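Coordinate inspection notes
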Amino acid sequence: MAQVDHGTVHDADWFDPVRRRAVPVRLYWPQGVAADARVPLVVFSHGLGGSRRGYSYLGAHFAANGIASLHLQHVGSDRSLWGGSPFGLVERLQGAAQDSEAIARVHDLHFALDHLLAGPRGEQIDRSRIVAAGHSYGANTALLAAGARVEREGRWLDYRDARISAAIVISAPPFYGESDPAKVLSHVSIPTLHITATEDVIRVPGYYSPAADRLAVFEATGSARKTLAVFDGGSHSMFTDRAGTGGANLNPQVKRATQDLSVAFLKMLFEGHSDTLASWPLRHPGIVARFNVAG
């Protein structure tokens, strides 16, 4: 167990015996939670090649604001992809993007949530305030848990988790192999927050996605209440823990603004504090290219 500002960090190596799949997690827990108190929970899914240790700036900030944050590690698409022969990298990345791993990821989320709620911390989680979140591939995972559906061989694959009440979607690419985002995302009805940047371009070996794809995902999402924030400039990886990507000065500014925006969104949903969300661009002048609140 490690200490962070206003909270603690717990790592655990869980194992799903049904799927025979490891599900490592990191839990950011708020400090000083009373025994009879109930806290909101964010379940966070990393991008391609990430781990449970990533996005710590968000996990620690959630905990500092009284929100627990459970960060998953998806063993079929985690940092192990970068190991091994460089000649096999494209094949490993493409394999990780297939339906089987996308489905395994959302089952990781279901399992981890089941396990946490059944454990010693479970009684202190407010089951009406559970949010799915993720970056890049992890944003797709969060959207599947939020109600996105894909059609395969004439039937819909539906992995909606009814316990999820909202989603935070950072740098979401289109669903792999799908040409019509609305067909997949129109089924999402819960509130969503979409975060991206004008230079949020995905370039990995064997795959390219322009920044416009992030806007297409937002437009296609069926949520009646949805918010979009677009930073000016930046990069796809600046939303990870990496420092300097997207600009040495812009990177930390965007991280602070993303922390502020995510908490403002949750406080609007759970506490009705809409003014904090509406005034968010004013607190981060010069770095916001677009901001829309619908519903």
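Our subject is the structure listed above.
Cut-off values and rules
Residues numbered from 1 in each chain as written. Predicted model: local features only at pLDDT ≥ 70, side-chain atom pairs only at ≥ 80, totals over all residues. Heavy atoms only, no water. Helix = DSSP H or I, 4+ residues; strand = E, 2+ residues; numbered from the N terminus. Contact = heavy atoms within 4.5 Å. Axes fitted to C-alpha atoms, helices over the stretch in contact; angles between N-to-C directions. Parallel < 35°, antiparallel > 145°, perpendicular 65-115°, else oblique. Left-handed = near helix turned anticlockwise from the far one by under 90°. Buried < 20%, exposed > 50% of the residue type's maximum accessible area, 1.4 Å probe, protein only. 1 Å grid on protein atoms, 1.4 Å probe; cavity = no way out; pocket = protein on both sides within 12 Å on 5 of 7 lines; lining within 4 Å. Points joined across faces, edges and corners; volume = space filled by probe spheres on them. Nonpolar A, V, L, I, M, F, W, Y, C, P; charged D, E, K, R; others polar. Phe/Tyr/Trp six-rings, centres within 6.5 Å; stacked < 30°, edge-to-face > 60°. Lys NZ or Arg CZ within 6 Å of the ring centre and 35° of its normal. Pairing = 2+ DSSP bridges.

Inspection of the secondary structure puts H46 in the loop between β4 (39-45) and α1 (56-64). Among residues more than four places away in sequence, those in contact with H46 are S51, R52, Y55, L72, Q73, H74, S77, D78, R105, H135, Y137 and G138.

Further remarks concern the packing of helix α3 (residues 99-118) against helix α4 (residues 137-146). Contact geometry for α3 and α4: axes closest at 9 Å, N-to-C directions at 65 degrees. Judged by the angle between their axes, α3 and α4 are roughly perpendicular. α4 is crossed by α3, and the crossing has right-handed handedness. Contact residues: E101, A102, R105, V106 and L109 in α3; Y137, G138, T141, L144 and A145 in α4.

If you check the backbone angles, Y55 has positive phi at about 60 degrees while not being a glycine. Position of Y55 among the secondary structure elements: in the loop between β4 and α1. Even without being a glycine, S136 presents a positive backbone phi close to 60 degrees. Tracing the sequence through the fold places S136 in the loop between β6 (125-135) and α4. Using a relative accessible area of 9% as the deciding quantity, one classes S136 as buried.

Attention now moves to the layout of surface pockets. Looking at the largest pocket, its volume works out to about 960 Å³. Taken together, 44 residues make up the lining of the largest pocket; nearest its centre are G47, L48, S136, Y137 and H236. Along the lines of polarity and charge, the residues of the lining of the largest pocket split into 21 nonpolar, 17 polar and six charged.

Let's shift gears to the packing of α1 against helix α7 (residues 250-271). Packing of α1 against α7 brings their axes to within 10 Å, and their N-to-C directions diverge by 45 degrees. Here α7 runs oblique to α1, going by the angle between their axes. Between α1 and α7 the crossing geometry is right-handed. When α1 is examined against α7, the residues Y57, L58, H61 and F62 are found in contact with a partner set consisting of K255, T258, Q259, D260, S262, V263 and L266. Of the residues that constitute the contact of α1 with α7, the class distribution is five nonpolar, four polar and two charged.

We now examine the environment of T258. By the secondary structure assignment, T258 is in helix α7. Between the alpha carbons of T258 and F239 there is a distance of 8.3 Å; along the sequence they are 19 residues apart. Ignoring anything within four residues of it in the chain, the contact list for T258 reads Y57, L58, I195, F231 and F239.

Right, let's talk about the environment of G59 for a bit. Within the secondary structure, G59 is located in helix α1. Overall, G59 belongs to the buried group, its relative accessible area being 0%. Distance in space between the C-alpha atoms of G59 and S171 is 17 Å, their sequence separation being 112 residues. With residues near it in sequence (within four places) discarded, G59 still touches Y28, S69 and H71.

Rolled over the atoms, a probe sized like a water molecule indicates the empty space that remains. Taken as a whole and assessed by the stated rule, the structure comprises two cavities of 30 Å³ or more. In this structure, the largest cavity encloses a volume near 50 Å³. Lining the largest cavity, in full, are P174, F175, E178, D180, P181, V184, L185 and V217. Among the elements that take part in the lining of the largest cavity, helix α5 (residues 181-185) stands out by supplying three residues, more than any other. Its residues assigned to classes, the lining of the largest cavity shows six nonpolar, no polar and two charged.

Attention shifts here to the packing of aromatic side chains. Taken as a whole, this structure holds four aromatic pairs when the rule is applied. For the pair W280 and F291, a centre-to-centre distance of 5.2 Å together with 45 degrees between the ring planes defines the contact as tilted. Pair noted here: W280 is in helix α9 (residues 280-283) and F291 is in strand β14 (residues 288-294), with a separation of 11 residues, a long-range link. Here the aromatic residues F231, F239, W280 and F291 are joined through ring pairs into a cluster of three or more. The ring of Y137 has R105 lying over it, and the distance from NZ or CZ to the ring centre is 4.1 Å.

In terms of residue burial, strand β9 (residues 166-170) counts as a mostly covered element, since five of its five residues are buried. Taking every second residue as pointing to the same face, both faces of β9 are buried, with A166, I168 and I170 on one and A167 and V169 on the other. One ladder, built from five bridges, connects β6 with β9; its direction is parallel. Following the sheet pairing, H135 is matched in β9 by I170. Pairing of β9 with strand β10 (residues 192-197), which is carried by four bridges, proceeds in the parallel orientation. Looking across to β10, one finds that I170 is bridged to I195.

No statement about biological role is implied by the geometric values presented.
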